[in-house]
Amino acid sequence: QVRLVESGGGLVQAGGSLRRSCAASGTIFRDNAMAWYRQAPGKQRDLVARITSVGSTNYADSVKGRFTISRDNAKNTVYLQMNGLKPEDTAVYYCNSIDYWSGFPSWGQGTQVTVSS
């Protein structure tokens, strides 16, 4: 029932920026913690950034100071602003939601982000 639709992936040069969006439906968005994960070939899926229902955030050490997660509850959308991109940021990025009431996780479709040097 929960649907997470991602947009904003693509190819960017090192040092550039991308803005990812993830629009949610079928859930009480404002109650849910939202997150972005990424997975590079041969590696596990790792947390990139997380934002709680009240706006508290945390980030992977590798992206601190460069990435910003935010949410717009009126639009049922979570964002990931990625600045100062590096080739090592290349991965498939996934939007994630944990339903506050059920504990059920939902995932976006995954979108490739490729950073060229």
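A. Structural context of the pairing of strand 8 (residues 77-82). Most of strand 8 is tucked away, with 5 of its 6 residues classed as buried. Summarising the sheet, strand 3 (residues 18-25) and strand 8 pair through 6 bridges and their orientation is antiparallel. Looking at strand 8, one finds that Arg20 is bridged to Leu80. Pairing geometry for strand 7 (residues 67-72) and strand 8, over 6 bridges, is antiparallel. Note on strand 8: the bridge partner recorded for Thr68 is Gln81. If you look at the hairpin formed by strand 7 and strand 8, you'll find 4 residues sitting between the two strands, and Asn76 has a positive phi there, around 50 degrees.

Cut-off values and rules
Residues numbered from 1 in each chain as written. Predicted model: local features only at pLDDT ≥ 70, side-chain atom pairs only at ≥ 80, totals over all residues. Heavy atoms only, no water. Buried < 20%, exposed > 50% of the residue type's maximum accessible area, 1.4 Å probe, protein only. Helix = DSSP H or I, 4+ residues; strand = E, 2+ residues; numbered from the N terminus. Pairing = 2+ DSSP bridges.

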